[in-house]
Amino acid sequence: MIQSDRKLIIVVVISCILLALLGFAWKQRTSIPFVTVTLEGITTPFAYGSARMLAGIQTGISVIDDAIHSTSESEEEAARKAYLEQKVVNYDEVVAENIRLRQLLDYKSSHSEFTMTLAGIITKDYGTWTNTFTIDKGSEDGIDVNMAVVVPSGVVGFITDVYPHSARVQTILDPRSAIGILVQRPESRLSGVVKGNGNAPGTPTMVNIARDGDVLVGDKLVTSGYGGIYPKGLPVGNVMSIENDSEGFVKNAVINPSVDFHRLEEVFIITSSSVSAPTKPGLETKLVPQTQRDQVEGAKGAIKP
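For the structure given in this document, a descriptive report is provided here. Quantities reported herein were computed from a predicted structural model and do not represent experimental measurements.

Another point: the overall build of the protein. On a plain count of helices and strands, the protein comes out with 3 helices and 12 strands. Relative to its 305 residues, the protein shows a buried fraction of 28%. Within the protein, counting contacts between residues at least 6 apart in sequence, those at least 24 apart form 57% of the total. Surface summary for the protein: the accessible area is close to 20700 Å², and the carbon and sulfur share equals 58%.

Before going further, it helps to spend a moment on the packing of aromatic side chains. By the definition in use, this model includes 1 aromatic pair. Ring plane angle 25 degrees and centroid distance 6.1 Å describe the contact between Tyr107 and Phe268, whose orientation is recorded as stacked. You can see Tyr107 sitting in helix H2 (residues 33-110) and its partner Phe268 sitting in strand E12 (residues 266-273), a full 161 residues away along the chain. Judged by its relative accessible area of 9%, Tyr107 falls in the buried class.

Turning to the nonpolar core, a few remarks are in order. Formed by 43 residues in total, the largest nonpolar core has its most connected members in Ile135, Val156, Ile159, Met206, Leu221 and Val267. In contact with Val267, not counting residues within four places along its chain, are Thr117, Leu118, Ala119, Ile121, Phe133, Ile135, Val149, Val150, Val151 and Val156.

Rules used in this analysis
Residues numbered from 1 in each chain as written. Predicted model: local features only at pLDDT ≥ 70, side-chain atom pairs only at ≥ 80, totals over all residues. Heavy atoms only, no water. Helix = DSSP H or I, 4+ residues; strand = E, 2+ residues; numbered from the N terminus. Buried < 20%, exposed > 50% of the residue type's maximum accessible area, 1.4 Å probe, protein only. Contact = heavy atoms within 4.5 Å. Areas by Shrake-Rupley, 256 points an atom, 1.4 Å probe, with all protein chains shown as cover. Phe/Tyr/Trp six-rings, centres within 6.5 Å; stacked < 30°, edge-to-face > 60°. Core = buried A, V, L, I, M, F, W, Y, C linked by side-chain atoms within 4.5 Å.

Note that all results are geometric; they support no functional claim without further evidence.
Spelled out as C-alpha coordinates, the structure:
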(Lines give C-alpha, C1' and ligand atoms only; values in the text may rest on other atoms or scores of the structure.)
Protein backbone atom coordinates (compact mmCIF):
# COMPACT_ATOMS: atom_id res chain seq x y z
CA MET A 1 0.00 0.00 0.00
CA ILE A 2 2.85 2.37 0.97
CA GLN A 3 4.71 1.49 -2.22
CA SER A 4 1.72 2.38 -4.35
CA ASP A 5 1.42 5.75 -2.67
CA ARG A 6 5.09 6.44 -3.35
CA LYS A 7 4.66 5.64 -7.05
CA LEU A 8 1.70 7.98 -7.27
CA ILE A 9 3.64 10.76 -5.55
CA ILE A 10 6.59 10.27 -7.90
CA VAL A 11 4.27 10.41 -10.99
CA VAL A 12 2.60 13.58 -9.76
CA VAL A 13 5.95 15.26 -9.01
CA ILE A 14 7.38 14.33 -12.42
CA SER A 15 4.22 15.60 -14.14
CA CYS A 16 4.43 18.89 -12.30
CA ILE A 17 8.10 19.26 -13.25
CA LEU A 18 7.33 18.56 -16.91
CA LEU A 19 4.50 21.06 -16.90
CA ALA A 20 6.73 23.65 -15.28
CA LEU A 21 9.43 23.05 -17.88
CA LEU A 22 6.92 23.29 -20.72
CA GLY A 23 5.54 26.49 -19.31
CA PHE A 24 9.02 27.98 -18.93
CA ALA A 25 9.97 26.86 -22.43
CA TRP A 26 6.78 28.44 -23.88
CA LYS A 27 7.52 31.75 -22.16
CA GLN A 28 11.08 31.67 -23.44
CA ARG A 29 10.16 30.41 -26.93
CA THR A 30 11.51 33.52 -28.65
CA SER A 31 14.86 33.33 -26.90
CA ILE A 32 15.26 29.58 -27.24
CA PRO A 33 14.94 28.84 -31.00
CA PHE A 34 15.11 25.07 -30.82
CA VAL A 35 12.20 25.06 -28.38
CA THR A 36 10.15 27.38 -30.54
CA VAL A 37 10.78 25.44 -33.71
CA THR A 38 9.99 22.15 -32.02
CA LEU A 39 6.76 23.45 -30.48
CA GLU A 40 5.64 25.07 -33.69
CA GLY A 41 6.36 21.90 -35.62
CA ILE A 42 4.27 19.93 -33.17
CA THR A 43 1.35 22.39 -32.86
CA THR A 44 1.11 23.72 -36.44
CA PRO A 45 -0.74 20.73 -37.97
CA PHE A 46 -3.20 20.72 -35.09
CA ALA A 47 -3.70 24.48 -35.32
CA TYR A 48 -4.21 24.33 -39.10
CA GLY A 49 -6.70 21.46 -38.83
CA SER A 50 -8.53 23.18 -36.01
CA ALA A 51 -8.68 26.41 -38.00
CA ARG A 52 -10.02 24.60 -41.06
CA MET A 53 -12.58 22.75 -38.97
CA LEU A 54 -13.69 25.92 -37.20
CA ALA A 55 -13.91 27.76 -40.55
CA GLY A 56 -16.04 24.93 -42.00
CA ILE A 57 -18.31 24.96 -38.96
CA GLN A 58 -18.64 28.73 -39.18
CA THR A 59 -19.39 28.53 -42.92
CA GLY A 60 -22.03 25.83 -42.37
CA ILE A 61 -23.65 27.84 -39.60
CA SER A 62 -23.64 30.90 -41.86
CA VAL A 63 -25.21 28.95 -44.75
CA ILE A 64 -27.89 27.49 -42.48
CA ASP A 65 -28.58 30.91 -40.97
CA ASP A 66 -28.83 32.50 -44.43
CA ALA A 67 -31.16 29.71 -45.62
CA ILE A 68 -33.41 30.10 -42.58
CA HIS A 69 -33.41 33.86 -42.97
CA SER A 70 -34.09 33.59 -46.73
CA THR A 71 -36.91 31.09 -46.16
CA SER A 72 -38.44 33.35 -43.55
CA GLU A 73 -38.20 36.34 -45.88
CA SER A 74 -39.70 34.30 -48.76
CA GLU A 75 -42.63 33.19 -46.61
CA GLU A 76 -43.20 36.75 -45.40
CA GLU A 77 -42.98 38.08 -48.97
CA ALA A 78 -45.38 35.42 -50.26
CA ALA A 79 -47.84 36.15 -47.46
CA ARG A 80 -47.59 39.88 -48.09
CA LYS A 81 -48.07 39.37 -51.85
CA ALA A 82 -51.11 37.13 -51.28
CA TYR A 83 -52.58 39.70 -48.89
CA LEU A 84 -52.12 42.52 -51.40
CA GLU A 85 -53.59 40.43 -54.25
CA GLN A 86 -56.64 39.56 -52.13
CA LYS A 87 -57.00 43.21 -51.19
CA VAL A 88 -56.99 44.19 -54.88
CA VAL A 89 -59.59 41.49 -55.66
CA ASN A 90 -61.81 42.69 -52.80
CA TYR A 91 -61.46 46.28 -53.95
CA ASP A 92 -62.35 45.41 -57.56
CA GLU A 93 -65.36 43.40 -56.33
CA VAL A 94 -66.59 46.30 -54.21
CA VAL A 95 -66.17 48.72 -57.14
CA ALA A 96 -68.07 46.40 -59.51
CA GLU A 97 -70.86 45.91 -56.97
CA ASN A 98 -71.14 49.67 -56.39
CA ILE A 99 -71.45 50.29 -60.14
CA ARG A 100 -74.19 47.66 -60.49
CA LEU A 101 -76.13 48.88 -57.47
CA ARG A 102 -75.85 52.51 -58.61
CA GLN A 103 -77.29 51.57 -62.01
CA LEU A 104 -80.12 49.65 -60.33
CA LEU A 105 -80.85 52.55 -57.98
CA ASP A 106 -80.92 55.01 -60.89
CA TYR A 107 -83.29 52.71 -62.79
CA LYS A 108 -85.62 52.39 -59.81
CA SER A 109 -85.61 56.16 -59.25
CA SER A 110 -86.43 56.88 -62.90
CA HIS A 111 -89.36 54.40 -62.97
CA SER A 112 -91.58 55.60 -60.19
CA GLU A 113 -94.58 54.04 -61.96
CA PHE A 114 -93.32 50.62 -60.81
CA THR A 115 -93.01 49.19 -57.31
CA MET A 116 -89.94 46.95 -57.51
CA THR A 117 -88.14 44.53 -55.22
CA LEU A 118 -84.42 43.89 -55.68
CA ALA A 119 -83.33 40.24 -55.59
CA GLY A 120 -80.04 38.43 -55.98
CA ILE A 121 -79.54 35.40 -58.22
CA ILE A 122 -78.49 32.29 -56.30
CA THR A 123 -78.57 29.55 -58.97
CA LYS A 124 -78.77 29.41 -62.77
CA ASP A 125 -80.12 26.70 -65.07
CA TYR A 126 -79.21 27.69 -68.61
CA GLY A 127 -79.57 24.91 -71.16
CA THR A 128 -81.12 23.92 -74.46
CA TRP A 129 -84.61 23.14 -73.19
CA THR A 130 -84.77 25.41 -70.16
CA ASN A 131 -83.47 28.84 -69.32
CA THR A 132 -84.29 29.69 -65.72
CA PHE A 133 -82.66 30.91 -62.53
CA THR A 134 -83.51 31.13 -58.83
CA ILE A 135 -83.62 34.35 -56.79
CA ASP A 136 -83.33 34.93 -53.04
CA LYS A 137 -86.78 36.51 -52.61
CA GLY A 138 -90.05 34.64 -52.19
CA SER A 139 -93.61 34.84 -50.94
CA GLU A 140 -92.43 36.22 -47.60
CA ASP A 141 -91.11 39.23 -49.55
CA GLY A 142 -94.32 39.80 -51.52
CA ILE A 143 -93.26 37.89 -54.64
CA ASP A 144 -95.99 36.12 -56.60
CA VAL A 145 -96.36 34.06 -59.77
CA ASN A 146 -96.43 35.91 -63.14
CA MET A 147 -94.63 39.00 -61.87
CA ALA A 148 -92.31 40.57 -64.44
CA VAL A 149 -88.54 40.47 -63.86
CA VAL A 150 -86.43 43.28 -65.33
CA VAL A 151 -83.05 45.01 -65.20
CA PRO A 152 -82.04 48.48 -66.44
CA SER A 153 -81.19 47.10 -69.90
CA GLY A 154 -84.57 45.43 -70.45
CA VAL A 155 -86.90 42.49 -69.84
CA VAL A 156 -85.49 39.35 -68.19
CA GLY A 157 -88.54 37.10 -67.76
CA PHE A 158 -91.28 36.36 -65.24
CA ILE A 159 -91.84 34.44 -62.00
CA THR A 160 -93.05 30.86 -62.52
CA ASP A 161 -92.67 29.26 -59.08
CA VAL A 162 -92.67 30.87 -55.65
CA TYR A 163 -91.42 29.52 -52.32
CA PRO A 164 -91.27 31.23 -48.91
CA HIS A 165 -87.75 32.61 -49.36
CA SER A 166 -86.96 32.00 -53.04
CA ALA A 167 -88.55 31.97 -56.47
CA ARG A 168 -87.85 30.66 -59.97
CA VAL A 169 -87.62 32.97 -62.97
CA GLN A 170 -88.23 31.80 -66.54
CA THR A 171 -86.33 34.04 -68.94
CA ILE A 172 -87.44 35.17 -72.39
CA LEU A 173 -84.75 32.84 -73.80
CA ASP A 174 -86.59 29.78 -72.55
CA PRO A 175 -88.23 27.87 -75.45
CA ARG A 176 -91.47 27.75 -73.43
CA SER A 177 -91.60 31.57 -73.18
CA ALA A 178 -93.60 33.92 -75.40
CA ILE A 179 -93.76 37.69 -75.00
CA GLY A 180 -95.88 40.22 -76.88
CA ILE A 181 -93.83 42.94 -78.57
CA LEU A 182 -94.06 46.03 -80.75
CA VAL A 183 -91.61 47.33 -83.33
CA GLN A 184 -90.74 50.69 -81.77
CA ARG A 185 -90.08 52.42 -85.09
CA PRO A 186 -92.89 55.02 -85.55
CA GLU A 187 -93.44 54.12 -89.20
CA SER A 188 -94.09 50.49 -88.29
CA ARG A 189 -95.52 49.80 -84.80
CA LEU A 190 -95.92 46.21 -85.94
CA SER A 191 -97.02 43.88 -83.14
CA GLY A 192 -95.89 40.29 -82.79
CA VAL A 193 -94.64 37.57 -80.49
CA VAL A 194 -91.07 36.74 -79.48
CA LYS A 195 -90.36 33.15 -78.42
CA GLY A 196 -87.30 31.38 -77.09
CA ASN A 197 -85.42 29.24 -79.58
CA GLY A 198 -84.13 25.87 -78.34
CA ASN A 199 -81.87 25.51 -81.39
CA ALA A 200 -80.21 28.87 -80.65
CA PRO A 201 -80.64 29.47 -76.89
CA GLY A 202 -79.07 32.93 -76.93
CA THR A 203 -81.23 34.39 -79.69
CA PRO A 204 -85.03 34.32 -79.38
CA THR A 205 -87.19 34.71 -82.47
CA MET A 206 -90.05 36.98 -83.49
CA VAL A 207 -92.29 34.41 -85.16
CA ASN A 208 -95.01 34.30 -87.79
CA ILE A 209 -94.56 37.77 -89.25
CA ALA A 210 -96.66 38.42 -92.35
CA ARG A 211 -94.63 38.49 -95.56
CA ASP A 212 -95.41 42.19 -95.96
CA GLY A 213 -94.94 42.93 -92.25
CA ASP A 214 -92.95 46.14 -91.71
CA VAL A 215 -89.91 44.94 -89.76
CA LEU A 216 -86.30 45.74 -90.63
CA VAL A 217 -82.87 44.65 -89.45
CA GLY A 218 -81.88 46.93 -86.57
CA ASP A 219 -85.44 47.62 -85.41
CA LYS A 220 -85.82 47.91 -81.66
CA LEU A 221 -88.52 45.78 -80.02
CA VAL A 222 -90.38 46.70 -76.83
CA THR A 223 -93.09 44.97 -74.82
CA SER A 224 -96.62 45.53 -76.14
CA GLY A 225 -98.30 45.23 -72.75
CA TYR A 226 -100.72 42.54 -73.93
CA GLY A 227 -100.99 39.47 -71.76
CA GLY A 228 -100.98 41.22 -68.40
CA ILE A 229 -97.45 40.21 -67.31
CA TYR A 230 -95.10 42.81 -68.81
CA PRO A 231 -95.87 46.55 -68.72
CA LYS A 232 -95.78 48.26 -72.09
CA GLY A 233 -92.60 49.85 -73.43
CA LEU A 234 -89.86 47.73 -71.81
CA PRO A 235 -86.85 46.95 -74.07
CA VAL A 236 -86.73 43.40 -75.41
CA GLY A 237 -84.02 43.47 -78.09
CA ASN A 238 -83.02 44.38 -81.65
CA VAL A 239 -83.64 42.58 -84.92
CA MET A 240 -80.45 40.86 -86.10
CA SER A 241 -81.73 39.17 -89.25
CA ILE A 242 -84.94 38.24 -91.04
CA GLU A 243 -85.55 34.77 -92.43
CA ASN A 244 -88.41 33.53 -94.63
CA ASP A 245 -90.38 30.55 -93.39
CA SER A 246 -89.79 27.29 -95.26
CA GLU A 247 -93.32 27.41 -96.68
CA GLY A 248 -92.89 31.00 -97.77
CA PHE A 249 -96.09 32.37 -96.25
CA VAL A 250 -94.53 34.12 -93.24
CA LYS A 251 -91.13 35.27 -92.05
CA ASN A 252 -89.25 35.20 -88.73
CA ALA A 253 -86.86 37.70 -87.20
CA VAL A 254 -83.85 36.65 -85.12
CA ILE A 255 -83.52 38.88 -82.04
CA ASN A 256 -80.45 40.04 -80.14
CA PRO A 257 -81.71 40.44 -76.53
CA SER A 258 -81.07 43.75 -74.83
CA VAL A 259 -80.12 41.87 -71.62
CA ASP A 260 -76.81 40.02 -71.23
CA PHE A 261 -78.13 36.98 -69.37
CA HIS A 262 -74.66 35.60 -68.59
CA ARG A 263 -73.75 38.67 -66.54
CA LEU A 264 -76.89 38.88 -64.41
CA GLU A 265 -76.31 39.05 -60.65
CA GLU A 266 -79.25 41.09 -59.37
CA VAL A 267 -82.71 41.69 -60.85
CA PHE A 268 -85.84 43.70 -60.13
CA ILE A 269 -89.25 42.11 -59.66
CA ILE A 270 -92.12 44.45 -60.56
CA THR A 271 -94.59 43.78 -57.75
CA SER A 272 -97.09 46.43 -58.90
CA SER A 273 -97.47 49.00 -61.66
CA SER A 274 -99.49 52.16 -62.10
CA VAL A 275 -99.36 51.67 -65.87
CA SER A 276 -102.60 50.08 -67.00
CA ALA A 277 -102.41 47.29 -69.54
CA PRO A 278 -103.94 47.95 -72.98
CA THR A 279 -107.61 47.09 -72.95
CA LYS A 280 -108.99 44.75 -75.53
CA PRO A 281 -111.93 46.21 -77.44
CA GLY A 282 -115.24 44.58 -76.71
CA LEU A 283 -116.54 42.95 -79.87
CA GLU A 284 -120.20 42.13 -80.28
CA THR A 285 -120.80 38.71 -81.75
CA LYS A 286 -122.66 38.95 -85.06
CA LEU A 287 -123.96 36.22 -87.31
CA VAL A 288 -122.99 36.38 -90.96
CA PRO A 289 -126.14 36.71 -93.10
CA GLN A 290 -127.04 33.66 -95.05
CA THR A 291 -126.45 33.81 -98.75
CA GLN A 292 -128.98 32.70 -101.30
CA ARG A 293 -127.01 29.52 -101.77
CA ASP A 294 -127.12 28.82 -98.06
CA GLN A 295 -130.86 29.29 -98.07
CA VAL A 296 -131.25 26.84 -100.93
CA GLU A 297 -128.58 24.23 -100.10
CA GLY A 298 -128.20 24.84 -96.40
CA ALA A 299 -125.13 25.91 -94.46
CA LYS A 300 -121.99 23.95 -95.08
CA GLY A 301 -121.75 21.13 -92.65
CA ALA A 302 -125.42 21.18 -91.68
CA ILE A 303 -127.26 17.90 -91.62
CA LYS A 304 -130.04 17.76 -94.15
CA PRO A 305 -133.24 16.07 -93.19
